[in-house]
Each structure stands twice: as structure tokens, then as C-alpha cells.
Amino acid sequence: MTAPLLEVSHLRVEFPTRRGTLLALDDISFSIAPGEILGVVGESGAGKSLTGAAIIGLLDPPGRIAAGEIRLAGRRIDNLPYEQMRRVRGREIGAVFQDPLTSLNPLYTVGHQLVETITTHLDLTASQARTRAIELLASTGIPAPEARIDHFLHQFSGGMRQRVVIALALAASPKLIVADEPTTALDVSIQAQIIALLKKVCKDQGAAVMLVTHDMGVIAETCDRVAVMYAGRIAEIGPVADVIHRPAHPYTVGLMGSIPAMDEDRERLLQIDGSMPRLTAIPAGCAFNPRCDRVVERCRVERPDLAQVGATSAACWRPVTVEVAR
Amino acid sequence: MSRPLVEVKDLAKVFDVSPPWLNRVVERKPKAFVHAVDGVSFAIERGKTLALVGESGCGKSTVARLLVGLYGATRGSVSFDGEDIVKTLAGAGAGPLRRRMQMIFQDPYASLNPRWKVLDIVAEPLREHGLVKGAADARQRVGELLSSVGLNPADAEKFPHQFSGGQRQRISIARALATNPEFLVCDEPTSALDVSVQAQVLNIMKDLQRDKGLTYLFISHNLAVVRHVADQVGVMYLGRLVEVAGKVELFARPRHPYTRMLLDAIPDIHMSGRARTPVQGEVPNPLNPPSGCSFHPRCPLANERCKAERPALLEIKGVRVACHAVEEGRD
């Protein structure tokens, strides 16, 4: 096996507030191999976007990394000074966010923004950069890139804007792309195109992708491995087929059962009662214990760490070992 | 066969999106109109669920608003239990009719007044329609309603901000149920919710339908959710219905090329690693829709007739489809 491209170990992110310190991410560890797509799923507030933000060094203050480390190709990046991190971002890590309207400047042409990014990170002249920008737009499937490069954002549709954002993220051929809900703002038919595009570009460039989404369907179709997050911790991580069909953590089981599927009929969906705890009131022991139907005394006092269960790793004292009947 | 509870005939809504008068005069711009809903007809049987699906801008929410009278129709009619809603809402029968049909909105953060207690929010329709006498009566009825959607009667004293998204959507449902309606229009009731919470809300909606015999118009862009709740499914594209079929039929044998494309496009958790059928193109600008069949620029089956002539919604093998290719059997 090749050395992992991204290694996150025991990452802990805190938000100091007037009423005490909020622990937003606790003991997050995972790695991504070159060319691999890791999906990160979870419900709102589980900390999935925050994990992405910590990796690209864009945590909103007062949020800060309190412990743990992030290594990119062996080099530690979580403690780099701002200017150095700025160079890593874009050059080595590309980012795609949910809303293309907020990640691009409406007052400049897309060509201007692409050329700016390219000349910042690569040693190219303006005209070479423009040629590269046109190539990038073409590679993301934008028709007539020679003409489109001089257009402004409002002249593009939602799907086309997201393609421009992907072109921008790829501008300096980064080794890692962090995509935070890249298809959530798009319609299903466009979503399919963007996912196909993301898969294609990482295959062509050999880039690793961390795909943050709440859509299990997108994960199933795109990723090699998936991490399921709950209340700031990883509940389960493993190969995508195993996590979907043979989940070990009761939360993953509930999450999978609550998604209406296209190929089966059920009168009622499996439901997990209650909702995710707020960061201010994370229960002792396993954070999922108040909603869990397999809870035992140990779950209420002692926190489980990730441990191998079958093909996946789950943080649970009583993992589901039998195959879930579909 | 009994008479359908809701019958919509040739419903249309045109919005005037022209630039202001001065701009039109100075810049010589013409008036502009969007045909948000353009000749939609369907019927919903009592106790059943019709789901409307489609991508953003296809007019599904406009249909919902037309049905409850939040917009006035440009053309066509909506009849509820045999009464024309436009005429009834303008006359003395407005109150009783409004009592019988209610609406649930998409965003439970925007549809509940943050300054009101849950008690007042849920009791408002009760008071408005004179269904309760006095505060004690209202309190008791609100308590019953909250219990019926799985909340605690004591929650009536709280404010909306003290609830999570799923709980707020339950409050919206409790408010909609306050007048004992027969027909609920649900405009994307679960799109703003997380999946585990969505499951809770969908289960409650199904239980209520079974217990009270409710009829639903369910608007959604999520085909998997639609498959779970609907009896009949209508697929909309640029303001028109392109296919209406029973749920089982539609998902097993989609006829219209757009329906097939939509079904192919949804990522499903059980087809890990499957190669997707690439989808062509994007939804055209509704200000300037294509000629003929509005789907023809993206359709693999399009020919000259599709570019020139607009297909009507025809009954073909028990399914209503608006497509020349299906009609001619070249699909």
C-alpha cells in the first residue's frame, strides 16, 4: 500500500465561548490515499464541514485546532503560518464549496479569476495562464470555453458555475481536493453531471478527494471509503459498500434505514427518535446513547473508540454484527 | 368511481416579470412574462396522495399555491369537492372551504412566527374559524394536536426557537391539522430536514393519512421520498405535466424521456459504483422556452415534429404522457 496523502490524527477543534469551551471535533483520525475518494457524511451539525475547514486551514475564529495533527504528503500543515498555508491552499489543496455564487467574485470575469489563481501558484506568463484557463474550462465540460472565459458569473447557470469552481480548484493541479457539499445547491440532473465530472478529474489527475455531503446516494456512487460522523466524532469508517450494506454502528444502521430507497417498498421508514445533541450538551459516554436502542450501562459512562468490526471500524460498545436484512 | 376530491383543469399562471416602466421606455425593452404553470390538469382521489416532482423552476410550488388560493390563476379552474375554489374563496363560503384545506410549507424556520408561543401558533386557525370557546378549550385542543404529531402538550408554552427543525415541522403539521382539514398541500415538507428527522416527519404524515383519511398534494424534488409517500406521481417540466402515472407504474416503466432521465440521474444508496447514464444539458430559461416540446433540446428521441408541435398529455396504456415519441411508438 502506498503512503497516505492526507493523514489526520486525533484532531480536536474547539470554540472558546463566554460560557465555556465547545468541543466541535473530538479525536478525529482518518487518512486518504492518493487517488482515493473519501466521503464524509452526517447530519447538520455533525462536524463534517468543520473537518474540511480544518484541513484547508480556514477555521472561522474563534475556532482553533486544540490537539492532533494534519499531514499532507508527510508534511505537517496544521501549524503552518498563514502565508505559507495560503500557498499550500490552491497549490496543493483545492477547495470546492456548496454555493458557487459565494466562492466566485461577481465583479470579475471567470477568466480573470482563473488566471489570477494560476499565476499565483504556477510560474506561467499571463498568456500561458490564459491558455491553461481555457483548457481547464474545457476539461470541466464548459462549451465554447474561448468565449465563456470572458463572461461574468451571472452569465452562467448554476451547474456551469459549479464547473467553473471546479476548474478553479484544479487550476494548480492540487493533490487533494476538499469538496464541501458540491452538489447540494444543484438539481438532480445537474448533480449527476457534476459528480461524474469530479470522479473523472480526480482519475485523470490522480488527485485524492474528500467529499463532504449529507446525501448518502452521492456517497454510494462516488466514494471508495466513507466516514460517518455524529456529534463531532467519527461513528464509523470503512469501505463504502460495507458501511451501506453491513453497517456496524447503530447510528449508521438507523441512518441507512431512514433513507427512502428506490428499489424497495416499506410502509414505514426506520426512524431514530430524537435529534442530534447540541454541542453544549453532548451526553457522557457514547454521544449516541440517548437515541440508541442497543444501549447498555457502559455506553452511558465510557466513550467507545473506533475498533475494527467486520470490514469497517465503528466506535461502539455493542456493534451490530449480523448482516442487516435489506 | 367516486368523484375526485380535488380536480384541476387547464390551470395556468403567468407572472409579469417586465422591467420597470421607465426602463421599458428608455431601453425599449419589451414586457416579459413567465409561464410558471402552463395548462396543468390532474385529479386527486379522496384519501390518496398525488406527488408532483420536478427540478427547480418547473412550477410545482406555484401549483401548490394556486390550489390553496394563495395565487389567483391566470386561466383554468380548481375544484374542491365539486366547488370552484376561486368563486368560493371570493364569497361567503371562504371560511368553511379554508377550514377544509390547509398547507404545510418547506421551511419550518420561516413559517412559524418567532415571537409567538406554540400555543398561539397552533390555536390561531382554531380561533380564526371559531372552533374553540375560551382559553381553556383552546389549550386543551392544542395539547391534543401536539400529541397527535408526537410532541408533548407542555411544549405549547415554548417558543419556536426552542425546537429543532424536525420538531418545528411537526408544529407546522399540528397547525395545519387544527381545523380538521380533509386536504393538505405539502410544499417540500422535508427538504429542509436531515434524513433521520425526515423519516420521522414522513412516518407521522403517513400515520395521519391512515387515521384521518387525509388527502395530500405532496410537492418534492426528491424521487425517493415521492416513491415512499405517493399513490400517483405527476412529473413536471417547465410548467407542464409531462407524465402522470401510478407510483408503481411510473417507477417500473417510466415512459417520458424526461422521467427516464430523472430516474437515471438520482444517486441511490444501493447501486454502489454503478456507472450513471450521463445526462444532457440543463433546464432552459423559462423566460424563453424552446418551441414545440420544451424538453426537445435535451431529448435523445427528439425529431422535427418535437421541435415544431407541442405534445398534449394523452392517455397511452393507462398512463398519461405528453410525448410524440411515446405516442408514435418510437421510444
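Visitor: I would appreciate a short explanation of the overall build of chain B in the present structure.
Guide: Assigned secondary structure in chain B consists of 13 helices and twelve strands. By the compact-globule yardstick of 20 Å for 331 residues, chain B fits well, its C-alpha radius of gyration being 21 Å. Here the C-alpha coordinates of chain B stretch approximately 70 × 55 × 45 Å along the principal axes. When the 331 residues of chain B are sorted by exposure, 43% land in the buried category. Long-range contacts, defined as pairs at least 24 residues apart, comprise 64% of the intrachain contacts of chain B with a sequence gap of at least 6.

Visitor: Sorry if this is basic, but what is going on with the overall build of chain A here?
Guide: In terms of helices and strands, chain A carries twelve helices and twelve strands. At 21 Å, chain A has a C-alpha radius of gyration in line with the 20 Å of a compact globule built from 326 residues. In terms of its C-alpha atoms, chain A occupies a principal-axis envelope of roughly 65 × 50 × 40 Å. When contacts within chain A are restricted to residue pairs at least 6 apart in sequence, those whose partners lie at least 24 apart make up 64%.

Visitor: It is not clear to me how the packing of helix 4 (residues 110-121) of chain A against helix 5 (residues 126-139) of chain A should be interpreted in this structure. Could you clarify?
Guide: For any two helices packed against each other, one specifies the inter-axial angle together with the distance between the axes. Residues and elements named next belong to chain A. Contact geometry for helix 4 and helix 5: axes closest at 9 Å, N-to-C directions at 115°. For helix 4 against helix 5, the interelement crossing comes out right-handed. Contacts between helix 4 and helix 5 pair G111, L114, V115, I118 and T119 from the former with A126, A129, R130, R132, A133 and L136 from the latter.

Visitor: I keep staring at the domain arrangement of chain A and nothing clicks. Help me out?
Guide: Residue and element names in this part refer to chain A. Entries for chain A in the domain assignment read domain 1 (6-223) and domain 2 (229-262 + 271-314). Look at where the C-alpha atoms of domain 1 and domain 2 centre, and you get two points 27 Å apart. The interface of domain 1 with domain 2 comprises 21 residues on the first partner and 13 residues on the second. At the level of secondary structure, the elements contributing two or more residues to the side of domain 1 that touches domain 2 comprise strand 2 (20-32), strand 3 (37-41) and helix 9 (216-222). In terms of residue count, strand 2 provides more of the side of domain 1 that touches domain 2 than any other element does, eight residues in total. Residues of the side of domain 1 that touches domain 2, tallied by class, amount to 13 nonpolar, four polar and four charged.

Visitor: How do you make sense of the sheet that holds strand 4 (residues 64-72) of chain A when you look at a structure like this?
Guide: Paired through their backbone hydrogen bonds, the strands of a sheet run either parallel or antiparallel. All names here are of chain A. The strand order 2-1-4-5 describes an open sheet built from four strands, whose pairing is antiparallel. Looking at strand neighbours, the two that pair on one side only are strand 2 and strand 5 (75-76), the edges of this open sheet. Of the strands in this sheet, strand 1 (6-17), strand 2 and strand 4 are in contact with helix 1 (residues 48-55), which crosses strand 2 at around 75°.

Visitor: Looking at this structure, I do not really get the sheet that holds strand 5 (residues 83-84) of chain B. What am I missing?
Guide: Residue and element names in this part refer to chain B. Ordered in space as 2-1-4-5, the four strands form an open sheet in which the pairing is antiparallel. Edge positions in the sheet fall to strand 2 (33-44) and strand 5, since each of these pairs with one other strand and no more. Most of the contacts of helix 2 (residues 60-67) go to strand 2, to which it runs at about 65°, and overall it touches strand 1 (6-16), strand 2 and strand 4 (75-80).

Visitor: How do you make sense of the confidence of the model for chain B when you look at a structure like this?
Guide: Taken residue by residue, chain B gives an average pLDDT of 87. The fraction at 70 or more is 96%. Taken element by element, the predicted model of chain B shows its lowest mean pLDDT in helix 3 (residues 85-90) of chain B (84) and its highest in strand 3 (residues 49-53) of chain B (94).

Visitor: Whenever I open this one, the nonpolar core confuses me. Can you help?
Guide: Nonpolar side chains in soluble globular proteins tend to end up buried together. If you look at the biggest cluster of nonpolar residues, it comprises 192 residues, and the most contacted ones within it are A:V209, A:V228, A:Y230 and B:L217. Of the residues that make up this core, three or more belong to each of domain 1 (6-223) and domain 2 (229-262 + 271-314) of chain A. Apart from the residues within four sequence positions on either side, A:Y230 is in contact with A:G42, A:A46, A:A235, A:Y251, A:M276, A:A287 and A:F288.

Visitor: It is not clear to me how the pairing of strand 8 (residues 215-220) of chain B should be interpreted in this structure. Could you clarify?
Guide: For a regular strand, side chains alternate in direction, first toward one face of the sheet and then toward the other. Residues and elements named next belong to chain B. With six of six residues buried, strand 8 lies mostly within the body of the structure. Residues of strand 8 alternate between two faces, with T215, L217 and I219 on one and Y216, F218 and S220 on the opposite face, all of them buried. Inspection of the sheet shows strand 7 (residues 183-187) paired to strand 8 by five bridges, in the parallel sense. Note that in strand 8 the partner of L184 across the bridge is Y216.

Visitor: Any chance you could explain the interface of chain A and chain B here in plain terms?
Guide: One frequent convention defines the size of an interface as the accessible area lost when the parts assemble. The interface is formed by 36 residues belonging to chain A together with 34 residues belonging to chain B. Mapped by element, the contributors of at least two residues to the side of chain A that touches chain B are helix 8 (188-205), helix 9, helix 10 (240-245) and helix 11 (250-257) of chain A. Ranked by residues supplied to the side of chain A that touches chain B, first place goes to helix 8 of chain A with six residues. In terms of residue class, the side of chain A that touches chain B is built from 19 nonpolar, eleven polar and six charged.

Visitor: Just checking my understanding: could you explain the pairing of strand 4 of chain A for this structure?
Guide: Residues and elements named next belong to chain A. Pairing of strand 1 with strand 4, which is carried by seven bridges, proceeds in the antiparallel orientation. Residue pairing across strands places V8 opposite I70, the latter belonging to strand 4. Pairing analysis gives two bridges linking strand 4 to strand 5, with the strands arranged antiparallel. What sits directly across from R71, in strand 5, is R76. With antiparallel pairing between neighbouring strands as the criterion, strand 4 and strand 5 make up a hairpin whose turn holds two residues, including A73 at a positive phi of roughly 50°.

Visitor: Would you take a moment to explain the packing of helix 5 (residues 118-128) of chain B against helix 6 (residues 134-148) of chain B for this structure?
Guide: All names here are of chain B. Close contact between helix 5 and helix 6 brings their axes to 9 Å; oriented N to C, the two are set at 110°. By the angle class used here, helix 5 and helix 6 are roughly perpendicular. Crossing hand, helix 5 versus helix 6: right-handed. Residue-level inspection shows L119, V122, A123, L126 and R127 of helix 5 in contact with helix 6, the latter providing A138, R139, R141, V142 and L145. Of the residues contributing to the contact of helix 5 with helix 6, the split by class is seven nonpolar, no polar and three charged.

Visitor: How should I be thinking about the environment of B:R75 in this particular structure?
Guide: All names here are of chain B. In this structure, R75 sits in strand 4. Its 13 C-beta neighbours within 10 Å are what place R75 among the partly exposed residues. Linking R75 and D38, residues 37 residues apart in sequence, is a C-alpha distance of 8.8 Å. Not counting chain neighbours up to four residues away, the residues in contact with R75 comprise D10 and A12.

Visitor: Explain unusual backbone geometry to me, please; I cannot follow it from the model alone.
Guide: For residues that are not glycine, phi is negative in most cases, and the peptide bond is trans in most cases. Residue and element names in this part refer to chain A. Omega for the peptide link from P61 to P62 comes to 10°, which places this bond in the cis form. With respect to the element layout, P62 can be found in the loop between helix 1 and strand 4. The backbone of H10 sits at a positive phi, close to 50°, despite the residue not being glycine. Relative to the helices and strands, H10 resides in strand 1. Backbone geometry places A73, a non-glycine residue, at a positive phi of 50°. Look at A73 and you get partly exposed, because 14 C-beta atoms sit within 10 Å.

The rules behind the values
- Residues numbered from 1 in each chain as written.
- Chains lettered and ligands numbered in written order.
- Predicted model: local features only at pLDDT ≥ 70, side-chain atom pairs only at ≥ 80, totals over all residues.
- Helix = DSSP H or I, 4+ residues; strand = E, 2+ residues; numbered from the N terminus.
- Rg over C-alpha atoms; globule rule 2.2 N^0.38 Å.
- Buried ≥ 20, exposed ≤ 12 C-beta atoms within 10 Å, placed from the backbone.
- Contact = placed C-beta atoms within 7 Å.
- Axes fitted to C-alpha atoms, helices over the stretch in contact; angles between N-to-C directions.
- Left-handed = near helix turned anticlockwise from the far one by under 90°.
- Domains from an automatic or database assignment.
- Nonpolar A, V, L, I, M, F, W, Y, C, P; charged D, E, K, R; others polar.
- Pairing = 2+ DSSP bridges.
- pLDDT = per-residue confidence, 0-100.
- Core = buried A, V, L, I, M, F, W, Y, C linked by C-beta atoms within 7 Å.
- Parallel < 35°, antiparallel > 145°, perpendicular 65-115°, else oblique.

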